[in-house]
Amino acid sequence: MARRRQVYEGKAKILYEGPEPGTLIQYFKDDATAFNAQKKGTISGKGVLNNRISEHLFTALGRIGVPTHFIRRLNMREQLIRQVEIIPLEVIVRNVAAGSLSKRLGIEEGTQLPRTIIEYCLKDDALGDPLVADEHIACFGWASQDEMNDIADMAIRVNDFLSGMFAAIGIRLVDFKLEFGRLWENDYARVILADEISPDGCRLWDLQSNEKLDKDRFRLDLGGEIEAYQQIARRLGLLPEGDANMVLDMETHRKKRGK
Ligand code: UDP
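The structure contained in this document is the topic of the report that follows.

What counts, and at which threshold
- Residues numbered from 1 in each chain as written.
- Predicted model: local features only at pLDDT ≥ 70, side-chain atom pairs only at ≥ 80, totals over all residues.
- Heavy atoms only, no water.
- Pairing = 2+ DSSP bridges.
- Helix = DSSP H or I, 4+ residues; strand = E, 2+ residues; numbered from the N terminus.
- Axes fitted to C-alpha atoms, helices over the stretch in contact; angles between N-to-C directions.
- Contact = heavy atoms within 4.5 Å.
- Buried < 20%, exposed > 50% of the residue type's maximum accessible area, 1.4 Å probe, protein only.

**Notes on the sheet that holds strand β6 (residues 70-73)**
Reading across from one edge, β1-β2-β3-β7-β6 is the order of the five strands in this open sheet, with antiparallel pairing throughout. At either end of the open sheet lies a strand with only one pairing partner, and these are β1 (6-9) and β6. Sheet twist, expressed as the mean angle between neighbouring strand axes with direction ignored, is 25°. In the sheet, β6 pairs with strand β7 (residues 78-82) via three bridges, with the strands oriented antiparallel. Of the residues in β7, the one forming a bridge with Arg 73 is Gln 79. Lying on the sheet, helix α1 (residues 46-63) is in contact with β3 (23-28), β6 and β7; it crosses β6 at an angle near 130°.

Written out as structure tokens, the structure reads:
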């Protein structure tokens, strides 16, 4: 295949120009970062699992009518997506206190919140993705009021749907991060769900044991990162039962065959 033009490289993904105008190819790396990239590492095979998990969740969300950038998975590490103009906000949805909320407000990790909280952080690595209020978003024009209404509505729908989906496989959706983008159609921009949904950007706890099955294993040096991601994929029905290493073996095998 001809060398594709790289459009962007982030911490866990690379974007390449897509085959048609208005499309991009999203490549999932094994790189992992935490604490605003002060901690760096690789989780071998993570990209393959996140590509599959995100495909599964975006497809399911698409089926219930949530508009997303996902078009189709291309191979083990790549998916075809619609090109959007990313809204520079990280949309954090919380059901249970954890992470920065617990630290900031002194609320014990694991406390069920009486209602779901949506928080917004400015996507700016140099500033450490600071928490911002609606007032800042309106004042600096990062998103319009109509767009913020659409984002909040979609975030709640995504939360309700995914909370149920994970509960059905014995997992508590503690919190997660979403990103949205503008899809331009002539002079009109529509907000759609973008980026990825995977254990990199979610807190997923086993319902029974409270075991962490997400990137906190990397952040907190708990070990067993890839096994946790595999556990999520397996419970979602994306890996054959009892063969946890299958996806990784398949990739190694393909590389050996030069494919
Ligand atoms: N999150 C993320 N990217 C970020 C910040 C947060 O994906 O840059 C996710 C994180 O994985 C967690 C949720 O958003 O599921 C809430 O994160 P929190 O604000 O507690 O931040 P952290 O404790 O990770 O600093």
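**Thoughts on the environment of Gly 181**
Within the fold, Gly 181 resides in strand β12 (residues 171-185). Using a relative accessible area of 0% as the deciding quantity, one classes Gly 181 as buried. Gly 181 sits 98 residues away from Gln 83 along the chain, and the two C-alpha atoms are 8.6 Å apart. If we ignore the near neighbours within four places in the chain, the residues touching Gly 181 are Val 84, Glu 85, Ile 86, Ile 87, Arg 190, Val 191, Ile 192 and Ala 194.

Just geometry here; none of it tells us what the structure is for.
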